[in-house]
Amino acid sequence: MAELQFFTGTMDSGKSTLALQTNHNRAQRGLVGRIFTSRDRAGTAMLSSRLGLQHDAIEVDQDFHFWRYVVDELTRGARVDYLVCDEAQFYTRDQVEQLAKVVDELQLDVFAFGILTDFRSELFPGSARLVELADHTHVLQVEALCWCGKRATHNARTEDGVMVVEGEVIVVGDVEVTGGQDTAAPAPEVSYEVLCRQHHRRRMTAARAHAVALGAEPLPFG
Ligand SMILES: [Zn+2]
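Because the structure is a prediction, the values reported are computed rather than measured.

Asks: Before we move on, can you summarise the domain arrangement of the protein chain with the specific residues and values?
Replies: Here the protein chain is described as being made up of domain 1 (4-139) and domain 2 (154-213). For domain 1 versus domain 2, the distance between C-alpha centres works out to 26 Å. Each partner contributes residues to the interface: domain 1 has twelve residues there, and domain 2 has 15 residues. Among the residues of domain 1 in contact with domain 2, Met11, Arg39 and Phe119 are the three that bury the most area, contributing 53% of the side total. Counting the contacts that link domain 1 with domain 2 gives zero salt bridges. Taken together, domain 1 and domain 2 are joined by two residue pairs in polar contact (both at pLDDT 80 or more). Of the residues assigned to the side of domain 1 that touches domain 2, the class counts are five nonpolar, three polar and four charged.

What follows is the structure in structure tokens.
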């Protein structure tokens, strides 16, 4: 029986590496799959991992339709045995429902990989729908660590080095992809960091903890 499986974890938990490995293992056995991603760090139409591996991928934008795509491929005689879907947190609820339909009606295995919550520690809509619909949800065992050494369970966004908990949900890498307002101020430098829940709550990034340790900043309580 085909299954919809969701593999989730924080930003540095090795999801894209596992996505590439999942594809590799099946390709080695002679199976033919399709790889999808959305707003990957290496740019569009590319699945890349922090370990440096990468693979061509089909870009999933808001208008992409998984069901129609797979049916069209099968209709033209192409072989499709499984789908590997990275950055699934960026998919719409509709797109996740299309994936479930591909599993049920076409009996193809779907392996989805994505972050569970955004920098505000709220569920991404695509990830929420995956948790609701997946046959199995796996929390990745390669655990990222907070600067304090505890298990990192939360994703933090910093702008010019300061942690923020409000703003556009989707800002990838160092590039602002939303907005587009012409303002005099330059776009802030956006980056991400994984933290334990306590340090996410206290907005205590590694840089700030360092500043506190040097006595440059008082210790916050919260
Ligand atoms: Zn911590």
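Asks: With reference to specific residues and values, describe a nonpolar patch on the surface.
Replies: On the surface, Leu116, Leu123 and Val131 cluster together to form a nonpolar patch covering roughly 230 Å² of accessible area. Note that Val131 resides in helix H4 (residues 125-133). For Val131, a relative accessible area of 41% gives the class partly exposed.

Asks: Give me the coordination of the zinc ion: which residues, what numbers.
Replies: All of the protein donors around the zinc ion are Cys146 (SG), Cys148 (SG), Cys196 (SG) and His199 (ND1); their distances to the metal are 2.0 to 2.4 Å. Coordination geometry of the zinc ion: the four donor atoms subtend angles of 97 to 117° at the metal centre, consistent with an arrangement described as tetrahedral. Summarised as a motif, the one-chain spacing of the donors to the zinc ion is C-x1-C-x47-C-x2-H. Both residues of the pair, Cys196 and His199, belong to the buried class.

Asks: Break down the side chain of Gln5 for me, citing the residues and quoting the values.
Replies: Topologically, Gln5 is positioned in strand E1 (residues 4-8). For Gln5, a relative accessible area of 14% gives the class buried. A distance of 2.6 Å separates a polar atom in the side chain of Gln5 from a polar atom in the side chain of His138. Excluding residues within four positions of it along the chain, Gln5 makes contact with Val110, Phe111, Ala112, His136 and His138.

Asks: So what's going on with the pattern of salt bridges? Which residues, and what values?
Replies: Applying the stated criterion to the full structure yields eight salt bridges. The closest approach of N and O atoms between Glu73 and Arg76, which form a salt bridge, is 2.9 Å. Accessibility expressed as a relative area gives 59% for Arg76, which makes it exposed. With its nearest N and O atoms 2.7 Å apart, the salt bridge here joins Asp118 to Arg120. Judged by relative accessible area, which is 2%, Asp118 ranks as buried. A relative accessible area of 29% means that Arg120 is categorised as partly exposed. By sharing partners, the salt bridges in this structure join Arg93, Glu97, Arg129 and Glu132 into a single network.

Cut-offs applied
- Residues numbered from 1 in each chain as written.
- Predicted model: local features only at pLDDT ≥ 70, side-chain atom pairs only at ≥ 80, totals over all residues.
- Heavy atoms only, no water.
- Domains from an automatic or database assignment.
- Contact = heavy atoms within 4.5 Å.
- Buried area = accessible area lost by both parts, 1.4 Å probe.
- Salt bridge = Lys/Arg side-chain N within 4 Å of Asp/Glu carboxyl O.
- Polar contact = N/O pair within 3.5 Å; in protein donor to acceptor, adjacent residues only side chain to side chain.
- Nonpolar A, V, L, I, M, F, W, Y, C, P; charged D, E, K, R; others polar.
- Patch = residues over 30% accessible without salt bridge, like charges linked within 9 Å, V, L, I, M, F, W, Y side chains within 5 Å.
- Areas by Shrake-Rupley, 256 points an atom, 1.4 Å probe, with all protein chains shown as cover.
- Helix = DSSP H or I, 4+ residues; strand = E, 2+ residues; numbered from the N terminus.
- Buried < 20%, exposed > 50% of the residue type's maximum accessible area, 1.4 Å probe, protein only.
- Donors = N, O, S within 2.8 Å, 3.2 Å for Na, K, Ca; no water.
- Tetrahedral: all angles 85-135°; square planar, octahedral: opposite > 155°, others 65-115°.

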